[in-house]
Amino acid sequence: MTPERYAKILRVLSHRQPTLTVLMDEVNKPHNLSAIVRTCDAVGVLEAHAVPPSHGTLATFEGHTYDATSGSAHKWVGVQSHSDAISAVRELQGKGFQVLATHLSQRSVDYREPDYTRPTCVLLGAEKWGVSDEAAEAADQNIIIPMFGMVQSLNVSVAAATILFEAQRQRLAAGMYAQPQLTPEELARRAFEWGYPDLAPAYRERGEAYPALDEQGQIAG
Ligand code: SAM
């Protein structure tokens, strides 16, 4: 790894927001999944969540289907799988996240109203069916991007980007990108995995801690 590459990895990791995420509920078109993950990378989402679509035929990466539009973002944003949306919502709430379901209901508010500096998960629905009433009910709040056109909804990746960049705006204003949100240990661990993707699995398999890196990103000692 070159020193420049290491510096970039450290810079990106120091902007990652472990308390901001999305839950994609059966988003089934690979280009949408890819576009959402690419936006997650740009905004600083550390890890995304997904209920994989029940049927998929294209090549997958760690159980999820991407296409070339991800710009390799899936290498930098992990996607954790869940069996169903309700249990995923409950699990995330159990970890302290407010879940904001993108869903039109009696209690929907404009997507700019919630406080995105809180640990937040944005629940996104499948292209055809959207977020189920049950999952929207289980969420802490329902949010909507106001629509004034002839069509009723946006493409799911466009909706995700609109909402995530509002979260970024609020978090920038609150100084949440000014200092690392990851612990030093977590940051060092990720830096090794990103910088040495070929070596990291062997350390994990042997149950060994990753070696320390020097200031240039070389394995110390
Ligand atoms: N027929 C579906 C429905 O009734 O919900 C439309 C789904 S829409 C094409 C796919 C997803 O994009 C939605 O589940 C939601 O996550 C997101 N989305 C689209 N338009 C939105 C909007 N105006 N506000 C919030 N989310 C939106």
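This is a predicted model, so every value here is computed, not measured.

Calculation criteria
- Per chain, residue numbering runs from 1 following the sequence as it is written.
- Where totals are concerned, whole chains, interfaces and linings use all residues; where local detail is concerned, this predicted model gives features only for residues with pLDDT of at least 70, and gives and counts side-chain atom pairs only at 80 or more.
- Side-chain calculation: all heavy atoms of the structure are included, whereas hydrogens and water are not.
- Only protein chains enter the calculation, and the probe is 1.4 Å; a residue is then buried if its accessible area is under 20% of its type maximum, exposed if over 50%, and partly exposed in between.
- Strands are runs of DSSP state E lasting at least two residues, helices are runs of H or I lasting at least four, and both sets are numbered from the N terminus onward.
- Paired strands, as defined in this entry, are two strands with at least two bridges between them according to DSSP.
- Like charges are joined within 9 Å and nonpolar side chains (Val, Leu, Ile, Met, Phe, Trp, Tyr) within 5 Å, but only among residues with over 30% relative accessible area and no salt bridge; these make up the patches.
- Methods summary: accessible areas were calculated by the Shrake-Rupley approach with a probe of 1.4 Å, and residue burial reflects only the protein chains presented.
- When a carboxyl oxygen of Asp or Glu is within 4 Å of a side-chain nitrogen of Lys or Arg, the pair counts as a salt bridge.
- In this charge count, Lys and Arg are treated as positive and Asp and Glu as negative; neither His nor the chain ends contribute.
- By convention, the point assigned to a charge is CZ for Arg, NZ for Lys, CD for Glu and CG for Asp.
- Working rule for helices: expected span equals 1.5 Å times residues minus one.
- We call two residues in contact when some of their heavy atoms are within 4.5 Å.
- Axes, fitted as lines to C-alpha atoms, cover a helix only where it is in contact. Angles between the N-to-C directions of the axes lie from 0 to 180 degrees.
- Consider each residue's heavy atoms; a residue with any of them within 4 Å of a molecule or strand counts as near.
- Identification of polar contacts relies on pairs of N or O atoms within 3.5 Å, with a donor-acceptor requirement for protein atoms, meaning one able to donate a hydrogen and the other able to accept it, and with residues adjacent in sequence counted only if both atoms are side-chain atoms.
- Residue type decides the class: Asp, Glu, Lys and Arg count as charged, Ala, Val, Leu, Ile, Met, Phe, Trp, Tyr, Cys and Pro as nonpolar, and the leftover types, Gly among them, as polar.
- In this document the domain limits rely on a domain assignment from an automatic tool or a database.

## Considerations on the pairing of strand β1 (residues 20-25)
Item 1. Among the 6 residues that make up β1, 6 are buried, leaving the element largely enclosed by the rest of the structure.
Item 2. By the alternation rule, side chains of β1 split into Leu20, Val22 and Met24 and Thr21, Leu23 and Asp25, which are all buried.
Item 3. Examined bridge by bridge, β1 and strand β8 (residues 120-124) share 5 bridges and lie parallel to one another. Paired with methionine 24 across the bridge in β8 is leucine 124.

## Overview of a positive patch on the surface
Item 1. Where like charges cluster on the molecular surface, the positive patch consists of Arg5, Lys8, Arg11 and Lys75.
Item 2. Overall, arginine 11 belongs to the partly exposed group, its relative accessible area being 47%.

## Re helix α5 (residues 156-173)
Item 1. With 18 residues, α5 extends 26 Å from end C-alpha to end C-alpha; this agrees with the ideal 26 Å at 1.5 Å per step.
Item 2. All of the buried residues along α5 are Val156, Ser157, Ala159, Ala160, Ile163, Leu164, Glu166, Ala167, Gln168, Gln170 and Arg171.
Item 3. If you follow the buried residues of α5, they end up packed against β1, α2 (30-43), β6 (98-102), β8 and β9 (141-144).
Item 4. Backbone geometry just after α5 places glycine 175 at a positive phi near 80 degrees.

## With respect to the side chain of glutamine 17
Item 1. Positionally, glutamine 17 belongs in the loop between α1 (3-15) and β1.
Item 2. In contact with glutamine 17, not counting residues within four places along its chain, are Val43, Gly44, Val45, Leu46, Arg171, Met176, Tyr177 and Gln181.

## Some thoughts on the sheet that holds β1
Item 1. Strand order in the open sheet made by the 7 strands is β5-β2-β1-β8-β6-β9-β7, with parallel pairing throughout. The open sheet has two free edges, formed respectively by β5 (78-81) and β7 (108-110), since each of these has just one partner strand. Ignoring strand direction, the axes of neighbouring strands in this sheet form an average angle of 30 degrees.
Item 2. Here α2 sits on the sheet and contacts β1, β5 and β8; the angle it forms with β1, its principal contact strand, is near 175 degrees.

## Structural notes on the environment of alanine 178
Item 1. Tracing the chain through its elements places alanine 178 in the loop between α5 and α6 (184-195).
Item 2. Residue classification places alanine 178 among the exposed positions, given a relative accessible area of 68%.
Item 3. Along the backbone, alanine 178 and isoleucine 163 are 15 residues apart, and their C-alpha atoms lie at a distance of 21 Å.

## Considerations on unusual backbone geometry
Item 1. Despite not being glycine, glutamate 26 shows a phi value in the positive range, around 60 degrees.
Item 2. Tracing the sequence through the fold places glutamate 26 in the loop between β1 and α2.

## Brief notes about the site of the ligand
Item 1. Thr102, Gly125, Lys128, Ile145 and Leu154 are the nearest of the 16 residues found near the ligand.
Item 2. Within the backbone of glycine 125, one N or O atom sits 3.0 Å away from an oxygen atom of the ligand.
Item 3. Within the backbone of leucine 154, an N or O atom sits 2.9 Å from a nitrogen atom of the ligand.
Item 4. Residue composition of the shell around the ligand, grouped by class: 10 nonpolar, 4 polar and 2 charged.

## Quick notes on the domain arrangement of the chain
By a frequent convention, interface size equals the accessible area lost on bringing the separate parts together.
Item 1. You can read the domains of the chain as domain 1 (1-16 + 180-221) and domain 2 (17-173).
Item 2. Between the C-alpha centres of domain 1 and domain 2 the distance comes to 28 Å.
Item 3. Linking domain 1 to domain 2 there are 1 salt bridge.
Item 4. The residue arginine 16 makes a salt bridge to aspartate 41 at a minimum N-O spacing of 2.5 Å.
Item 5. Where domain 1 meets domain 2, there are 4 residue pairs in polar contact (both at pLDDT 80 or more).
Item 6. The set of elements that each furnish at least two residues to the side of domain 1 that touches domain 2 consists of α1 and α6.
Item 7. With 3 residues, α6 is the single largest residue contributor to the side of domain 1 that touches domain 2.

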